[in-house]
Amino acid sequence: FQIEPKLFHALALYRAERYDDATRAMRIVLQLAEQIGNRWFEGIARNGLAYGEFLHSGETEHSFAELMRAAGIFHAEGDVFQVMELQLNASHVALAAKRFDDVERLLNNCEATATLLDNPYVRGGIALVRGRLALARGDADGARGHFQDSHALFAALRASKQAAEALALLNSIPAARRRRS
């Protein structure tokens, strides 16, 4: 069925922010995965469709449910790396929906796996979401620390887009006022 080239094509369309084309392409991948009974590709396609829907339209409830469904597929397959990736994606969606307890739970699970797998890229993403969560909760100092951690991790990996995002978020936090003596 040549599912891999179709998947890579759909992912490239997402990266190019051509969401309508990417969604059509990813639906083809999902249909093929279901036809041949390949659960791994089904999970990848569901992740792509759900996260793409969130990025494109901001829809959270359906996206979150589909990401959790895909995480369940990978959990059943024993693919802890994909579960971790899906938990990180789902944490972005949960944060947008102001489901802060879900964000915490997802990040804690994701962080345990990222540490076990020694994955600094995912740890940088976790720190970024933790910073956004701290901001949403009104904790500027906590957010500052998380954004600093995220920036350091991404900069060390030479992930310039992600490092720039963390730095921009860090710089968006007003400096703490100095107390007058």
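Report on the accompanying structure.

Parameters and conventions
Residues numbered from 1 in each chain as written. Predicted model: local features only at pLDDT ≥ 70, side-chain atom pairs only at ≥ 80, totals over all residues. Heavy atoms only, no water. Helix = DSSP H or I, 4+ residues; strand = E, 2+ residues; numbered from the N terminus. Polar contact = N/O pair within 3.5 Å; in protein donor to acceptor, adjacent residues only side chain to side chain. Contact = heavy atoms within 4.5 Å. Expected span 1.5 Å × (residues − 1). Buried < 20%, exposed > 50% of the residue type's maximum accessible area, 1.4 Å probe, protein only. Salt bridge = Lys/Arg side-chain N within 4 Å of Asp/Glu carboxyl O.

As for the side chain of serine 63
Inspection of the secondary structure puts serine 63 in helix α4 (residues 61-77). For serine 63, the side chain forms a polar contact with the main-chain oxygen of alanine 50, separated by 3.1 Å. Apart from the residues lying within four places of it in its own chain, the contact partners of serine 63 are Ala50, Glu53, Phe54 and Val93.

Considerations on helix α7 (residues 120-136)
Between the first and last C-alpha of α7 there are 24 Å, a value that for 17 residues agrees with the 24 Å anticipated at 1.5 Å per step. Of all the residues in α7, the buried ones are Val122, Gly124, Gly125, Ile126, Ala127, Leu128, Val129, Arg130, Gly131, Leu133 and Ala134. In this structure, the buried residues of α7 make contact with α5 (80-96), α6 (100-116), α8 (140-156) and α9 (160-172). Capping of α7 at its N-terminal end is provided by asparagine 119; its side-chain oxygen lies 3.2 Å from the backbone amide nitrogen of tyrosine 121.

Section: the pattern of salt bridges
This model, assessed by the stated rule, comprises 16 salt bridges. Measuring nitrogen to oxygen at the nearest pair gives 3.6 Å for the salt bridge that ties glutamate 66 to arginine 69. One end of the pair is glutamate 66 and the other is arginine 69, both in helix α4 and three residues apart, which spans about a single turn. Assessed through its relative accessible area of 14%, glutamate 66 is described here as buried.

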